[in-house]
Structure formats: structure tokens, C-alpha cells
Amino acid sequence: MSVRWLAPLGALFLTHTAFAQCELGWFDADDMPDSAQFGVSVAVDGELAAVGSWFFADDGSGTGSVRLFRRAGVLWLPEAILTEPSGADPEAFSSLFGNRLEVSGARVIVSAAGLSGVGSDAGCAHVFRRGAGGWFLEGTLFAATPAVHDAFGSYVALDGDLALVAGAGYPSALALPRVFRFRAGAWRGAGPVAVPGA
């Protein structure tokens, strides 16, 4: 499966190479400027698709946003828009919210690697979940010891109740990938991942 970004049309095509690039879906965002970078990140799991645009939020803040689409037959229909929870904070303006993301079941993990609330570009990742009343923030994941320029959240992965988040900052132990597990109603750090040679 692959994605083609048609910037002038403000849309994405979801295609499958096994069927000669047969069109499987169209994600429309014609209300966004080209500078929004709609499609900078894309993830699909079953009937749910998430598309990031790290320089545009509907409130005009520039913090970034993630649009969720759900498949209904041959169509992908808009379901929700996720935005940086710290959007009212001036530090959130360059949080790069939506630069990376992953979908797993009824959850979406979204990078905010540029967020500086705990240190310049220290970064974090947010986990959103779909409940009876819609999508809500389930947890925010930080490095064990947030540090300046670690850009924690530059890489994210999600599989059910397990999340993996890594930084792209200075090559130190602080930027190593960290495992998180959802248990007892909250996301909790389960320890760093040992990287050979790190």
C-alpha cells in the first residue's frame, strides 16, 4: 500500500501496488494551504486513516494537526481533527505536532518532537483514543529525563497497549527509544530499549 500526495489539489490518494495503482481512497483537505504540509505523515489501520499536517491547525495557530478518516464502502469520510493539547501555549507553535504518527485499533499516537514545555525542543508524544463520546487525549509520553534538543517523539510506534517513542537529538542515553505500556488506566514508562553500539 502506498500514498501519493497531490499538493495542488490538497488531497491524498491511497493506492495498492498489487492492483496496478488502483485507487482505494481520497483524503480531501482543500481548505489547507500548500504550506500546511498535509500528508507529511500517514498511517492506516483497517478502516481508520490518520493524515498529519505539521504546520497547520484549524484555529490558525500553526501548531499542526492530524485529520482522521474512516472508510465507508469506497469512500474515506472525515471523522475528527486532532490538535496539540498545549495549543494555547506559545511554546506549542513549533511543536511539529503531526510530523510522525501511528494508528492501532482505536488509538493514534502523534509526535510533538518540537514541543519545548520541558526544555527547548525536548519533545513528547500524545496518545489519543476513540471513546463513546469521540476522540480524547489518553496520555502524553515524555522521556524519562527530558533534555534540551532531544526531540523526543521524532519516532513513534504503537501496538495496542504498547508504545515505543524515540528522540532524534544528541546521541545520548536520554534519546534512546523508550517503551510505554497502558495499564491501570494510564500510560506508564516501562523502561528504555537497549540499542547495540549506543
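Our structure is the block above this text.
Residues numbered from 1 in each chain as written. Predicted model: local features only at pLDDT ≥ 70, side-chain atom pairs only at ≥ 80, totals over all residues. Heavy atoms only, no water.

(A) Representation of the sheet that holds strand 5 (residues 48-53) in the model. What the four strands build is an open sheet, ordered 4-5-6-7; its pairing is antiparallel. With one partner strand each, in any of the chains shown, strand 4 (41-45) and strand 7 (75-83) form the two edges of the open sheet. Each strand axis lies, on average, 20 degrees off the axis of its neighbour in the sheet, ignoring direction. Pairing between strand 4 and strand 5: five bridges, direction antiparallel. (Pairing = 2+ DSSP bridges. Helix = DSSP H or I, 4+ residues; strand = E, 2+ residues; numbered from the N terminus. Axes fitted to C-alpha atoms, helices over the stretch in contact; angles between N-to-C directions.)

(B) The environment of alanine 143, seen in detail. Along the polypeptide, alanine 143 turns up in the loop between strand 11 (134-141) and strand 12 (155-159). With a relative accessible area of 9%, alanine 143 lands in the buried category. For alanine 143 and alanine 125, which are 18 residues apart along the polypeptide, the C-alpha to C-alpha distance reads 9.5 Å. (Buried < 20%, exposed > 50% of the residue type's maximum accessible area, 1.4 Å probe, protein only.)

(C) Looking closely at the side chain of serine 41. Mapped onto the elements, serine 41 comes out in strand 4. When near neighbours in sequence (up to four residues on either side) are disregarded, serine 41 contacts Ala50, Val51, Gly52, Gly98, Asn99, Arg100 and Leu101. (Contact = heavy atoms within 4.5 Å.)

(D) Molecular detail of the packing of aromatic side chains. With the rule as written, the count across this model stands at three aromatic pairs. When the centroid spacing of 6.2 Å and the interplanar angle of 85 degrees are considered together, the rings of phenylalanine 97 and phenylalanine 128 count as edge-to-face. Taken as a pair, phenylalanine 97 in the loop between strand 7 and strand 8 (101-104) and phenylalanine 128 in strand 10 (residues 124-131) lie far apart in primary sequence, 31 residues in all. Looking at phenylalanine 128, the relative accessible area reads 6%, which means it is buried. Stacked on the ring of phenylalanine 182, the Lys or Arg arginine 107 has its end atom at 4.7 Å from the ring centre. (Phe/Tyr/Trp six-rings, centres within 6.5 Å; stacked < 30°, edge-to-face > 60°. Lys NZ or Arg CZ within 6 Å of the ring centre and 35° of its normal.)

(E) Region of interest: the sheet that holds strand 8. The strand order 8-9-10-11 describes an open sheet built from four strands, whose pairing is antiparallel. On the outer flanks of this sheet lie strand 8 and strand 11, each paired with one strand and no other. Between one strand axis and the next, the sheet turns by 20 degrees as a mean value, whatever way the strands run. Sheet analysis places strand 10 next to strand 11, joined by seven bridges and oriented antiparallel. For phenylalanine 128, the partnering residue across the bridge sits in strand 11 and is leucine 137.

(F) Local environment of unusual backbone geometry. Even without glycine at this site, alanine 184 takes up a positive phi of about 55 degrees. By the secondary structure assignment, alanine 184 is in the loop between strand 14 (178-183) and strand 15 (186-192). Taking relative accessible area as the criterion, alanine 184 reaches 73% and is therefore assigned exposed.

(G) Examining the nonpolar core more closely. Core analysis: the largest hydrophobic core is formed by 17 residues, its most contacted members being Ala50, Val66, Leu68, Leu82, Phe97, Val108 and Trp135. Ranked by the residues each element gives to this core, the list is headed by strand 9 (residues 107-112), at three residues. If you look at the next biggest cluster of nonpolar residues, it comprises 13 residues, including Ala125, Leu141, Phe152 and Val165. (Core = buried A, V, L, I, M, F, W, Y, C linked by side-chain atoms within 4.5 Å.)

(H) Up close: the pattern of salt bridges. For the structure shown, the criterion picks out six salt bridges. Measuring nitrogen to oxygen at the nearest pair gives 2.8 Å for the salt bridge that ties aspartate 161 to arginine 107. Here the residue aspartate 161 occupies a position in the loop between strand 12 and strand 13 (162-166), and arginine 107 occupies one in strand 9, the gap between them amounting to 54 residues. Glutamate 138 serves as the salt-bridge partner of arginine 129, at 2.9 Å between the closest nitrogen and oxygen. Put simply, Arg107, Arg129, Glu138 and Asp161 are held in one network by salt bridges that share partners. (Salt bridge = Lys/Arg side-chain N within 4 Å of Asp/Glu carboxyl O.)

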